[in-house]
Amino acid sequence: MTAATRFLYVARHGEASPDETELTERGRQQAVLLGERLRGVPLSAVHHGPLPRAAETARLVHEQLRKDVPLLVSEPAGDYVPYVPQREELPEDSADRLLGFVEQFPEAERSRGPELAGAALARFTGPAEGTDPRHELVVTHAFLAAWFVRDALDAPAWRWLGLNHSNAALTVIRYTPGRPAALVMFNDMGHLPEELRWTGFPPELRV
């Protein structure tokens, strides 16, 4: 079977309303600007999670692209806890904080998350079948963006924790046959004006 390079573009959804049922006006602006940035990329598909904030972001991005690019909903691109660590895996001085963070999420998101995370890696990562390079966008949530980055760097499974992603920021990972995955860019906000950057990011980590 022949294989070609895959470029995976990962974007977190735009800023959402407090009840997370839609994007804010700033979130809609972020999504449009993200789409404009990606307009010149030869995307073969735009995938998005099923929740409204990801679906709306993907639709607004898609409106800026060629009309023949398919827009596809994907459950593995959704919002869930991708991996629940055991205490012994974690650094001793931060184990309580990290476990407390994970345990605040509903049991359904924690119990089914690893299955969905595995499906996401199987579907979206690694070299692509065929001979032509493939470019795909996944509009998702902060946890899955972190999970993709952790996997690309061969970091321990628990290390998705602590990797933050801003609304409508862009991460790109390259998967070339016979080579390790390459993190091309991470949490890039170059397409956003200053007033639309860093939303959804912990204030103490903004630079």
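Residues numbered from 1 in each chain as written. Predicted model: local features only at pLDDT ≥ 70, side-chain atom pairs only at ≥ 80, totals over all residues. Heavy atoms only, no water.

**Re the overall build of the chain**
Then comes step 1: A tally of helices and strands in the chain yields six helices and eight strands.
Then comes step 2: Scanning the chain from its N terminus toward the C terminus, one meets helices and strands in the order β-β-α-β-α-β-α-α-α-β-β-α-β-β.
Then comes step 3: The C-alpha radius of gyration of the chain comes to 17 Å, within 12% of the 17 Å expected for a compact globule of 207 residues.
Then comes step 4: Burial analysis of the chain (207 residues in total) assigns 49% to the buried set.
Then comes step 5: Partitioning the intrachain contacts of the chain with sequence separation of at least 6 by distance along the chain shows that 73% fall at a separation of at least 24.
Then comes step 6: By element, 52% of the accessible surface of the chain is carried by carbon and sulfur atoms, the whole surface being about 9,900 Å².
Then comes step 7: Of the charged side chains in the chain, 22 are positive and 29 negative; the average position of the first set lies 6 Å away from that of the second. (Helix = DSSP H or I, 4+ residues; strand = E, 2+ residues; numbered from the N terminus. Rg over C-alpha atoms; globule rule 2.2 N^0.38 Å. Buried < 20%, exposed > 50% of the residue type's maximum accessible area, 1.4 Å probe, protein only. Contact = heavy atoms within 4.5 Å. Areas by Shrake-Rupley, 256 points an atom, 1.4 Å probe, with all protein chains shown as cover. Lys, Arg positive; Asp, Glu negative; His and termini not counted. Charge placed at Lys NZ, Arg CZ, Asp CG, Glu CD.)

**As for the sheet that holds strand β7 (residues 170-175)**
Then comes step 1: On the basis of which strands lie adjacent, the open sheet formed by six strands has the order β4-β3-β6-β2-β7-β8 and mixed pairing. Each edge of the sheet is formed by a strand with only one pairing partner; in this case those strands are β4 (71-73) and β8 (182-188). Going across the sheet, the axis of each strand differs from the next one's by a mean of 20 degrees, ignoring polarity. (Pairing = 2+ DSSP bridges. Axes fitted to C-alpha atoms, helices over the stretch in contact; angles between N-to-C directions.)

**Remarks on the environment of Gly14**
Then comes step 1: Within the secondary structure, Gly14 is located in the loop between β2 (6-12) and α1 (25-37).
Then comes step 2: Taking the relative accessible area as the measure of exposure, Gly14 reaches 0% and is therefore buried.
Then comes step 3: With near-sequence residues (within four places) excluded, Gly14 lies in contact with Leu23, Gly27, Gln30, Thr57, Asn167 and Ala168.

**Topic: the packing of α1 against helix α2 (residues 52-62)**
Then comes step 1: Contact geometry of α1 with α2 gives a least axis separation of 7 Å together with a crossing angle of 45 degrees. Considering their axes alone, α1 and α2 lie oblique with respect to each other. Helix-helix and strand crossings are classified by hand; for α1 and α2 the assignment is right-handed. Residues Arg28, Ala31, Val32, Leu34 and Gly35 of α1 pack against Glu56, Thr57, Leu60 and Val61 of α2.
Then comes step 2: Of the residues contributing to the contact of α1 with α2, the split by class is five nonpolar, two polar and two charged. (Parallel < 35°, antiparallel > 145°, perpendicular 65-115°, else oblique. Left-handed = near helix turned anticlockwise from the far one by under 90°. Nonpolar A, V, L, I, M, F, W, Y, C, P; charged D, E, K, R; others polar.)

**Quick word on the packing of aromatic side chains**
Then comes step 1: A complete count under the given rule lists seven aromatic pairs for this structure.
Then comes step 2: Relative to Phe201, the ring of Trp198 lies with its centre 5.0 Å away and its plane at 70 degrees, an arrangement referred to as edge-to-face. By the burial criterion, Trp198 is buried, and Phe201 matches it.
Then comes step 3: One aromatic cluster is present, built from ring pairs that chain together Phe101, Phe105, Phe143 and Trp160. (Phe/Tyr/Trp six-rings, centres within 6.5 Å; stacked < 30°, edge-to-face > 60°.)

**Some thoughts on the pattern of salt bridges**
Then comes step 1: Enumeration over the complete set of coordinates arrives at 16 salt bridges.
Then comes step 2: Across the pair Arg112 and Glu75 runs a salt bridge, and its minimum N-O distance is 2.5 Å. Placement of Arg112 in the loop between α4 (107-111) and α5 (113-124) and of Glu75 in the loop between β4 and α3 (95-103) is noted, with a sequence separation of 37 residues between them.
Then comes step 3: Taking relative accessible area as the criterion, Arg112 reaches 35% and is therefore assigned partly exposed.
Then comes step 4: A single salt-bridge network, built from bridges that share partners, covers Arg6, Arg123 and Glu136. (Salt bridge = Lys/Arg side-chain N within 4 Å of Asp/Glu carboxyl O.)

**Re α5**
Then comes step 1: Across its 12 residues, α5 extends 16 Å between first and last C-alpha, which sits within 8% of the 16 Å expected from 1.5 Å per residue.
Then comes step 2: Turning to α5, its buried residues are Gly113, Leu116, Ala117, Ala120, Leu121 and Phe124. With its buried residues spanning 140 degrees around the axis, α5 presents them on a single face. Within α5, the exposed residues directed more than 90 degrees away from the buried face are Glu115 and Ala122.
Then comes step 3: Taken together, the buried residues of α5 touch β2, β3 (45-48), α4, β6 (134-140), α6 (142-152) and β7.
Then comes step 4: Of the residues trailing α5, Gly126 is marked for its positive phi of about 85 degrees. (Expected span 1.5 Å × (residues − 1). Arc of directions from axis to C-beta.)

Functional significance is not addressed by these values, which are geometric in nature.
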